[in-house]
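Residue strings, one per chain:
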Amino acid sequence: MNKEDVTGIKQLLATPKKIVIVPHKNPDGDAIGSTLGLYHYLLKNKHNAQVIVPNDYPSFLKWMPGNESILIHETQTKACNALINDADIIFTLDFNAFHRTGNMESVLSESQALKIMIDHHQAPDDYAKYTYSDVSMSSTCEMVYHFIDILGDADSIDADIATCLYVGIMTDTGSFRFRSTTSTTHRIVANLIEKGAENAIIHNNVYDTNSYERLQLLGCALRNLKVIPESRAAYITLSQDELNRYNYKKGDTEGIVNYALSLDNIVLAAIFIEDRQEGIIKISLRSKGDFSVNEMSRAHFNGGGHTNAAGGRSEISLNETIEKFISILPSYNQALNHA
Ligand code: 5GP
Ligand code: MN
């Protein structure tokens, strides 16, 4: 954001507005944390704010302050569309292209509201009046902190805002270990703890709520792990039957791909998860070093994301998707062996 943008946004937010805040479909910790963090900040400044998520999200994210106020577009479509059509401002957080909101794409692109994007993914679309896009940022939550700070309001960050923002920084940095974690990230996290974010409780709420079945599903995933040493790649599969066997619930597969990446000498990891209801294979790609899974996903799997973490999908069968993955690897062998 340049100075003019900051002045413009300050003017815009100087009087109470009707504001809708939207994250991407299948919202994760950063999506829910950033939207709720911004929500609390806007409420404090007398705005009429509402978080609308495209679809439901895992129960380990349902404890954050403000969670009870969230509306889900998939099940409360009419009420959500009315709010969107009536909004003065729509903040879009943790994504940068309307198609990432699934069925909300048309109502968002047709809405006359002024759009403000806050996001850290690559290649932003040009739909917002104000675009705050920075791929070097650890998380959208870190950007919401900067956003509030740039507006001169860091002092107004309270325990609710701090708690929500802490969640997204923690989850998007893999608990402060990914390369995107900077000294500034740590300074912000320190500030959030001082403002009242209870770090040990937050970590427990998000990560230490496993069910027995979820651990059995993890066991199944680890048994399915395959390694392709010549490409320094490893992948995991989960079929719909396997998900059903362990009573899969939203969020149960979160983070499993990282086990494949944790193997010694592996720089590319993938997980392929069958979703028979949507008729797709959901793909998560992770990498180490300079190998860009964002580019791989854009080129082959209809997705994108960041250099070291990207998502995608395929509309062929699970086996065909794995065959495709294996068949494209040799063309990346040189890059993978120098990553
Ligand atoms: P995940 O594998 O956890 O679903 O996603 C990894 C990262 O890639 C996240 O930052 C997520 O927002 C992004 N991502 C996931 N799916 C897609 C997609 O289909 N398109 C784009 N552009 N980004 C995605
Ligand atoms: Mn994010």
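For the structure given in this document, a descriptive report is provided here.

Rules of the game
- Sequence order as written defines residue numbering, which begins from 1 separately in each chain.
- All chains are assigned letters beginning with A, and all ligands numbers beginning with 1, in the order in which they are written.
- Under the rules for a predicted model, residues below a pLDDT of 70 receive no local features and side-chain atom pairs below 80 are neither given nor counted, while totals for whole chains, interfaces and linings still include all residues.
- Hydrogens are left out, water is left out, and the side-chain values use all remaining heavy atoms of the structure.
- Numbered from the N terminus, helices here are DSSP runs of H or I no shorter than four residues, and strands are runs of E no shorter than two.
- Relative accessibility under 20% of the residue-type maximum defines a buried residue, over 50% an exposed one, and the middle range a partly exposed one, all with a 1.4 Å probe and only protein chains included.
- As used throughout, the charge tally considers Lys and Arg to be positive and Asp and Glu to be negative, leaving His and the chain termini uncounted.
- We define a salt bridge as a contact between a side-chain nitrogen of Lys or Arg and a carboxyl oxygen of Asp or Glu at a distance within 4 Å.
- Between two residues, a contact is recorded if the distance between any of their heavy atoms is within 4.5 Å.
- For Na, K and Ca the donor cutoff is 3.2 Å, while for all other metals N, O and S atoms must lie within 2.8 Å; water is not among the atoms, so some sites may look incomplete.
- DSSP bridges decide pairing: two strands pair if at least two such bridges lie between them.
- Note on geometry: axes are lines fitted to C-alpha atoms, helical ones only across the stretch in contact, with angles between N-to-C directions running from 0 to 180 degrees.

Notes on the side chain of Arg 232
No. 1: In this fold, Arg 232 is placed in the loop between β7 (226-228) and β8 (233-238).
No. 2: Here Arg 232 sits buried without a salt bridge, and the closest side chain of opposite charge, Asp 264, lies 7.5 Å off (N-O distance).
No. 3: Among all residues touching Arg 232, those that are not within four sequence positions of it are Asn 265, Ile 266, Val 267, Leu 268, Leu 336, Asn 337, His 338 and Ala 339.

Points about the coordination of the manganese ion (ligand 2)
No. 1: For the manganese ion (ligand 2), the full set of protein donor atoms is Asp 30 (OD), Asp 94 (OD), His 120 (NE2) and Asp 172 (OD), at a range of 2.2 to 2.4 Å.
No. 2: Of note, the manganese ion (ligand 2) draws all its donor residues from one chain, in the sequence arrangement D-x63-D-x25-H-x51-D. Highlighted residues: Asp 94 in the loop between β4 (89-93) and α4 (105-110) and His 120 in the loop between β5 (114-119) and β6 (130-133), separated in sequence by 26 residues. Assigned by exposure class, Asp 94 and His 120 land together as buried.

What about the sheet that holds strand β10 (residues 280-287)?
In a beta sheet, neighbouring strands are held together by backbone hydrogen bonds and run either parallel or antiparallel to one another.
No. 1: Ordered in space as β7-β8-β9-β10-β12-β11, the 6 strands form an open sheet in which the pairing is mixed. Taken across any chain shown, the strands that pair with only one partner, and hence form the sheet edges, are β7 and β11 (304-305).
No. 2: With 6 bridges connecting them, β8 and strand β9 (residues 268-275) associate as parallel partners. Bridge pairing links Ala 234 to Ala 269 in β9.
No. 3: Against the sheet, helix α13 (residues 318-328) touches β7, β8, β9, β10 and β12 (309-314), its axis set at about 160 degrees to β9.

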